[in-house]
Amino acid sequence: LSAGADPDRAVLTITVDGEEYGTYSLAEDQQIEINGTNTCEISDGEVRMVQADCPDQLCMHQKAISGSGGTIVCLPNRVVLSVASDSEPEVDSITG
């Protein structure tokens, strides 16, 4: 991860055909089935496409994305995985 990228605050957004399918924390390892056509996996703060029924399978060969950002696209199935980090710093205390 790049400096300042916190996987506990990074969020995966999945869209299908331009509509939001769901958002998921990169802090929780899981597999997500997407409309019966694709499956992505969140593991160790990274996201990769692990299954796709499209003919070219290009989305499965794309580099994993993480809290530092990135996008994976499956054009035939119109599935987009994108990661963004909530860079808003948390305030622990304020002193005056």
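Structure: see above.
Residues numbered from 1 in each chain as written. Predicted model: local features only at pLDDT ≥ 70, side-chain atom pairs only at ≥ 80, totals over all residues. Heavy atoms only, no water.

I'd like a rundown of the sheet that holds strand S4 (residues 38-43), residues and numbers included.
With respect to topology, 4 strands assemble into an open sheet ordered S3-S4-S5-S6, the strand pairing being antiparallel. Of all strands in the sheet, those with a lone pairing partner are strand S3 (30-34) and strand S6 (65-66), marking the two edges. Across 2 bridges, the pairing between strand S5 (residues 46-52) and S6 is antiparallel. Within S6, the residue paired with valine 47 across the bridge is isoleucine 65. (Pairing = 2+ DSSP bridges. Helix = DSSP H or I, 4+ residues; strand = E, 2+ residues; numbered from the N terminus.)

Got a sec to walk through the pairing of strand S2 (residues 19-25)? Specific residues and values, please.
On a regular strand, each side chain points to the face opposite its neighbour's, so the side chains alternate between the two faces of the sheet. Both strand S1 (residues 10-16) and S2 contribute to a ladder of 6 bridges, which runs antiparallel. Residue threonine 15 lies in a different strand from S2, and its bridge partner there is glutamate 20. Linking S1 to S2, which pair antiparallel, is a turn of 2 residues; within it aspartate 17 sits at a positive phi near 55°.

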